[in-house]
Every structure is written in structure tokens, then in C-alpha cells.
Amino acid sequence: MKICIAQTNPVRGDIQKNIDNHKRLIELSIKNEADLIIFPELSLTGYEPELVESLAFTKDDERLDEFQEISNTNQIIIGVGVPIKNKNGICISMAIFQPYKPREIYSKEHLHPGEEKYFVSGENLPPIEFKDHRIGFAICYETSISEHSEKAFKNGSNVYMASVLNSINGVDKDLNRISNIAKKYKMISLMANFVGKSGGYDCAGKSSIWNENGQLIEQLDGVNEGIAIVDIETLETIKMQIEKIKITVNEA
């Protein structure tokens, strides 16, 4: 089974541009035979709490339908970051698309201090099963809650996937934390992060993959978009980065 993390540079509040960029990276993952791909926290909108009222989706939002079509056609599981509106408010969520299955929503239960001004606590999904593996999810701050990773382990996860926004100032602490989770619970662990700017943060990139001993086995850089894939049977990895186009202007 091959699992992929995507590293994106979100366009603030421009949902269609972000969708188009997601599709480009999904296509790249499909060409490299990935079975599952996840994106960073609130990847379809960028992490923009102050804009979330105007950006929120519903669970059945038609703008998400094309991800289901891609999932069905290519037999790939897709997890995209999206604010989801329900009867209690707006959740920081991941919409998960599985081939020919109903859309599922994983929502952030443990909010970072300050997020409660804009969001409400949501409901975590149990791990999903695919090809004899169980994949547990986390959204950003949840990786710092010890009970969260412990619950994923007790529910049988052997893969732990974190969808995050990590800033340049905070990323090293989170990299160390997820490495420790992998080592403690013997779970292959992955983290998908932004590059560029979002929510006023300078995003750190460094989307990463750790083996079950907590050793870093793959990492993207801190500047460019791209994907990283691990075969969780062989632990072979590949990464592909989309470097920024540099334009030089020669003045007369």
C-alpha cells in the first residue's frame, strides 16, 4: 500500500484555485500509484479563521463531488482540508473520499487555544481500513494531545496521518512530537503541511514521513509544493517537488 502526503501553497480564500491545485497533485500521486493522499489543514480555503463564515462548506457540498469522481475512477482515497458547517457551528475538518463509498467527515475534536472563537469542536472518525491496514487521522493541534494518538493506537491504527499548519517557528517541535508518536506506538506516521503564508503564519513545509521506529525516512523542503509517498510494506519512498518558476528581469 502506498500512502502520499501533499504539500501545498494555499491561495487565501480562493477555493477554485485551491481545488485545481489539489487535482494537479492528486494526478501526480496517481501516476506514482498512490492508494491514499491527504492534504494540509483547511487546504481548500487556506487557514483563514476570520474568513471562515464565508468559506464554509456543507458535508454534501457539490464542489467536493469531483474528488469523489477521481476517487472512484482511480481507486484512491483522498483527504482534503475543509471547514464544514453543521448545526453547532463550523468545524475544522477533513473530507475523506473512498472509492464508491459515502463521503465521510473527520473533524478536529481538540481545538488549539484561540480557535474556539471561530470554530467548534467536532467528531473524530475511527480509523479507516484499506488493504489490511488501519489508518488513523489527526488535525494539527491534536498531535499534541497524548490521548488522541493513544486512542488511534488502541483502535488498531498502524498508520497515523497528521494534516497540519505548522509555522517556521513551531515546526521542529511538532516534527519531534510526531516522531515520538511513531516510535511509541510503532505506527508509520506522516505529516502534510503548507508552504507559503496562511492565516498570518509563515508556513514551514517539511512535510514528513517516519517509520515505525520514529526515524525520519522522507521530507519535503520548506519552500516548494510537492508530494511524498511511502510504500508501507517496503518503506521505500519517493518525493516530487514543484519548484517555483524564477523569472529574471534584465533592466536596460
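Residues numbered from 1 in each chain as written. Predicted model: local features only at pLDDT ≥ 70, side-chain atom pairs only at ≥ 80, totals over all residues. Heavy atoms only, no water.

1. Structural notes on the environment of Glu-41
Relative to the assigned elements, Glu-41 resides in the loop between β2 (36-38) and α2 (52-55). Classification of Glu-41 as buried rests on a relative accessible area of 2%. Between the C-alpha atoms of Glu-41 and Ser-163, which are 122 residues apart in sequence, the distance is 5.0 Å. Contacts of Glu-41, omitting those with residues within four sequence positions, involve Tyr-47, Ile-92, Lys-108, Glu-115, Ile-139, Cys-140, Ser-163, Val-164, Leu-165 and Phe-194. (Helix = DSSP H or I, 4+ residues; strand = E, 2+ residues; numbered from the N terminus. Buried < 20%, exposed > 50% of the residue type's maximum accessible area, 1.4 Å probe, protein only. Contact = heavy atoms within 4.5 Å.)

2. Description of the pairing of strand β1 (residues 2-7)
Burial analysis of β1 places five of its six residues in the buried class, the great majority of the element. Here β1 runs beside strand β14 (residues 225-231); their pairing, made up of six bridges, is antiparallel. Across the sheet, the residue bridging to Ile-3 is Val-230, located in β14. The pairing of β1 with β2 spans three bridges and is classified as parallel. Bridge assignment links Ile-5 to a residue of β2, and that residue is Ile-38. (Pairing = 2+ DSSP bridges.)

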